[in-house]
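# Remarks on the overall topology
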Amino acid sequence: MRIVIAEDSVLLRAGLTRLLADAGDEVVAAVGDAELLLDAVERHGPDLAIVDVRMPPTFTDEGIRAALRLRADHPGTAVLVLSQYVEERYATDLLAGNTSGVGYLLKDRVADVGDFVEACRRVADGGTALDPEVVSQLLARARTTDPLAGLTPREREVLGLMAEGRSNSAIAAAMVVGEGAVEKHVSNLFTKLDLPRDEADHRRVLAVLRWMEAQR
Amino acid sequence: MQPVLALLAPWRSLRVVRRLGYVSLDPFVAMVAFPIIAALAGVTIGMASSIILLPAAVGTAWLASVTARGFGRVERSRAAALLDVAVADPHPPLHGSWWQRLLQRFTTASRWKELLYFGVHLITSSIAFSLVISLWSGSIALLVLPLVRPALPADTARFWLFDITTTPGALGAAAVGAVGVVVAAPWATVAISSLLGRLVRGLLGPGAEVAYEAQVQQLQASRSAAVDAAEAERRRIERDLHDGAQQRLVALAMDLGMAQERFDSDPEGARALVAEAHQEAKAALGELRDLVRGFQPAILGDRGLDAALSPVIARLPLPVHLDVRVDHRPPAAVESAAYFIAVEALTNVAKHAQATRATVTIESAGGRLAIAVTDDGRGGADPQRGTGLAGLQERVQGLGGRFQLVSPAGGPTSLFVELPCAS
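Residues numbered from 1 in each chain as written. Chains lettered and ligands numbered in written order. Predicted model: local features only at pLDDT ≥ 70, side-chain atom pairs only at ≥ 80, totals over all residues.

Right, let's talk about the overall build of chain B for a bit. For chain B, the count of helices and strands is 13 helices and 7 strands. Put simply, chain B has 423 residues, and 28% of those count as buried. Sequence-distant contacts, at least 24 apart, represent 70% of the contacts inside chain B between residues at least 6 apart. (Helix = DSSP H or I, 4+ residues; strand = E, 2+ residues; numbered from the N terminus. Buried ≥ 20, exposed ≤ 12 C-beta atoms within 10 Å, placed from the backbone. Contact = placed C-beta atoms within 7 Å.)

And the structure:
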C-alpha cells in the first residue's frame, strides 16, 4: 500500500512513517502542511493519505479542508484524518454524501498499532473507520429522542460499532459473540430504526449516520 | 383616535394633577427655605471678615449647611412623590472627629451644589409658578366666559377673533379656553415641571463623578474576581497535571526502565512491563487530551457554539438537549464566555442536581446572547454556597451581563444568562 502522510509534528511524522514501514507499507511522501499534501497526492497518486487536522498556517481545520478537496479531486485516494480531539461536526463534514474510503480517528489510536494498521487497510480498501468518540458524540445528540429508547443495550452496542465502520465479523470479535448473533442484532436494528437495508459496510455507516442526523 | 389620545397623555393616571401640585407648592417652599439659608449665609460672610467673630461664623456656616441639607431632603422627596424623579442622596457620609466632619461639609461638591440650588430656587420656582398658574387661570376664565357674560358691562370687548359680548363670540372664546384646559395647560405644566425636575436632579442629585465612582468600584471588583479566577485556574491545572499525566509518565518510565533491565534474563516479564507501560501511556494521553481541551476547544473559534458543545454533552452522564439558534456569530470573547458558562452549568447539573435530563438553549436576539440551562433535578442551587455558581455569576457580571438562577428546593433548576454582544 502506498501512503502519503501530512503531519506538522516532526516526531509524529517520523513515528508514523516507521510504524507503517514496519507493517509492510510504503510511505511515498511525508509532508508538514496541507499545500504540500495536495502536491504530493497529485504527484504520487497514493492509495491512502493520512492527514492531521491542525496544521500550519492557522492550526484550525486545514486538514479537514484538505481532506475534503482530496475526496473531491482524487477519488482514487482514500483519506484517513487524525486528530488530537475528534469533533462530531468535522466528522459530519467529512462523511457528507459518501462514507467510502474515509476515516476519522483520534491520534491516540496510533498507540494500538494492530488496530491502527487494520483501520488504515480498511479505509484504503474503500471502507470506513470512525472513532468510537465520534460515534458517542453523534449518539449523544440523538439520545434525547425516543427511538433509541426502544433498543436493547446489546443493540446499542452493535449500532455504535456499526457506525465506526466495522464489519459483522469485526463486531462479533469485539463483542465476543458469534457472527450469527450479530447478524440477528443488525437485522433487528434495521427494522426498529427503519433503515434502508444494505450489505456493504460503508453504505451501512452512511445509513446509520443519516439516521443519527435526522434525530437532532 | 390614537393622535387624540396622545394629546391627552398628561391626564393619564392624573399625572398632570401631581405636577400641578408640585409647581404650585414650589415657590412656597422656596419662600421658607431661601430667607433662612440666605440670611445664615449672609451673616456667615459678614462675621467671617472679623477675626473675633470667626468662631461664630463657623457656627452659622454649620447651621446653613444643616438647614440646606434638611430642605434638600424635602425637595428630593417632593420630586420623587410628585414628579416621579427619583434622586439619590448625593452626600458621602461624614466621618472622623467633629472638626474633620465640619471640614468635610465645606469641601464636598454635592453640598455646595445644594446651597446653589436654594440660591436659584426662589427665582426658578416663581417663574414656573407664574407661567403655569396664569395659563391655567386664563384658560379657565375663557371656559366660564359664557356663564359670566350677563354680568359683564355691555361695552364691546374683544378676545382675539371673538367679540365676547355676543353669545357666539363668548362660545368661541370658551372653546379656546377648553382646549387650553384640556390640552395646552396640562402640557405646559408637564414641560415646565420637567425642567424643575432636571434642576433637582442636576443640583440635588449625585453628579456624574459619583456614578463614575460606582462604576470604577464595580470594575475593580470584577477585575480582582477575574484575577482570583485566573489564579485558581492555574492552581487547578498544576494539580491536574501533577496528579494525572505527570504521575502516569513516571510510572511509564519506571516500567520501561525495569523492562530494559529484564530483557535478557526474563523476556516474558519484560513483555508484561512493556504492555503495562503502553497502557500508562494511553491513559496519560487521554488525561492530557481532556485537560487541554478544557482550555479552549479549537472548534469553538472554527465552527461555533453548537459544534463545540456537542462533545461536551456527549461526555455527560445524562441526556442533554442542545439547541443553538444564533444568526450571526457573536464576538469571540462572548462566544467563549457562553461556552464556559454552558460547560460550568452542565458540570454543576451532572455533579449536584441528580437530574435525569437537561436542556441547553442559546439564542441571539437584539444584540444580546441568551443562554438558558434547565434540568429536572432536585433544585436548591444557591450561588452563596459553593464556588462554581458564584464564579459563574462574577464572570457574567464582569462582562456586563445578567445572571438569574431559579432553583426552588425540589427543583427544577433554571439558569438564565444574558450577555451583551457589542464588541
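On to the sheet that holds strand S6 (residues 402–406) of chain B. Strands in a sheet are paired, the pairing made by backbone hydrogen bonds, and the direction either parallel or antiparallel. Residue and element names in this part refer to chain B. The mixed open sheet is built from 5 strands, whose spatial order is S3-S4-S5-S7-S6. Looking at which strands have only one partner, the edges of the open sheet turn out to be strand S3 (320–325) and S6. For this sheet the average axis-to-axis angle between neighbouring strands, irrespective of direction, equals 10 degrees. Examined bridge by bridge, strand S4 (residues 358–365) and strand S5 (residues 368–375) share 8 bridges and lie antiparallel to one another. The partner of Ala-365 across the bridge, within S5, is Arg-368. Sheet strands touched by helix H11 (residues 305–315): S3 and S4. Its angle to S3, the strand with the most contacts, is close to 175 degrees. In this fold helix H12 (residues 332–353) packs onto S3, S4, S5 and strand S7 (413–420), with an angle of close to 10 degrees to the strand it touches most, S5. (Pairing = 2+ DSSP bridges. Axes fitted to C-alpha atoms, helices over the stretch in contact; angles between N-to-C directions.)

This part takes up the nonpolar core. Judged by nonpolar contacts, the single largest core of 60 residues is most densely connected at Ala-6, Ala-49, Val-51, Leu-80 and Val-81 of chain A. If you count residues domain by domain, this core takes at least three from each of domain 1 (2–130) and domain 2 (135–214) of chain A. Discounting chain neighbours no more than four positions away, the residues touching Ala-6 of chain A are Val-31, Ala-34, Leu-37, Ala-49, Val-51, Asp-52, Met-55, Gly-63 and Ala-66 of chain A. Among the nonpolar cores identified, the runner-up in size contains 35 residues, and Leu-309, Ala-337, Val-349 and Cys-421 of chain B belong to it. (Core = buried A, V, L, I, M, F, W, Y, C linked by C-beta atoms within 7 Å. Domains from an automatic or database assignment.)

Turning next to the environment of Glu-179 of chain A. Residue and element names in this part refer to chain A. Secondary-structure assignment places Glu-179 in helix H9 (residues 179–193). The spatial distance from the C-alpha of Glu-179 to the C-alpha of Ser-169 is 5.8 Å, given a sequence separation of 10 residues. Look past the residues within four positions of Glu-179 in its chain and what remains in contact with it is Asn-168, Ser-169 and Ala-172.

A few words now on the pairing of strand S1 (residues 2–6) of chain A. Residues and elements named next belong to chain A. For S1, the buried fraction is high: 4 of the 5 residues fall into the buried class. Relative to strand S2 (residues 26–31), S1 runs parallel, the two being bridged by 5 bridges. Its bridge partner being in S2, Ile-5 is matched across the sheet by Ala-30. In this fold, S1 hands off to helix H1 (residues 10–22), which returns the chain to S2; that crossover is right-handed. Here S1 pairs with strand S3 (residues 48–52) via 4 bridges, running parallel. By the bridge assignment, Val-4 is partnered in S3 with Ala-49. (Right-handed = clockwise from strand over helix to strand, strands pointing away.)

In this complex, chain A contributes 16 residues to the contact, which on the side of chain B involves 22 residues. Broken down by secondary-structure element, the contributors of at least two residues to the side of chain A that touches chain B are helix H4 (88–95) and helix H6 (132–142) of chain A. Here the side of chain A that touches chain B takes 4 residues from H6 of chain A, the largest share from any one element. Looking at side-chain class alone, the side of chain A that touches chain B contains 3 nonpolar, 5 polar and 8 charged residues. (Nonpolar A, V, L, I, M, F, W, Y, C, P; charged D, E, K, R; others polar.)

The subject of this paragraph is the environment of Val-81 of chain A. For Val-81 of chain A, the position within the fold is in strand S4 (residues 78–83). Apart from residues lying up to four places away in sequence, Val-81 of chain A is in contact with Val-51, Val-53, Gly-63, Ile-64, Ala-67, Leu-94, Gly-103 and Tyr-104 of chain A.

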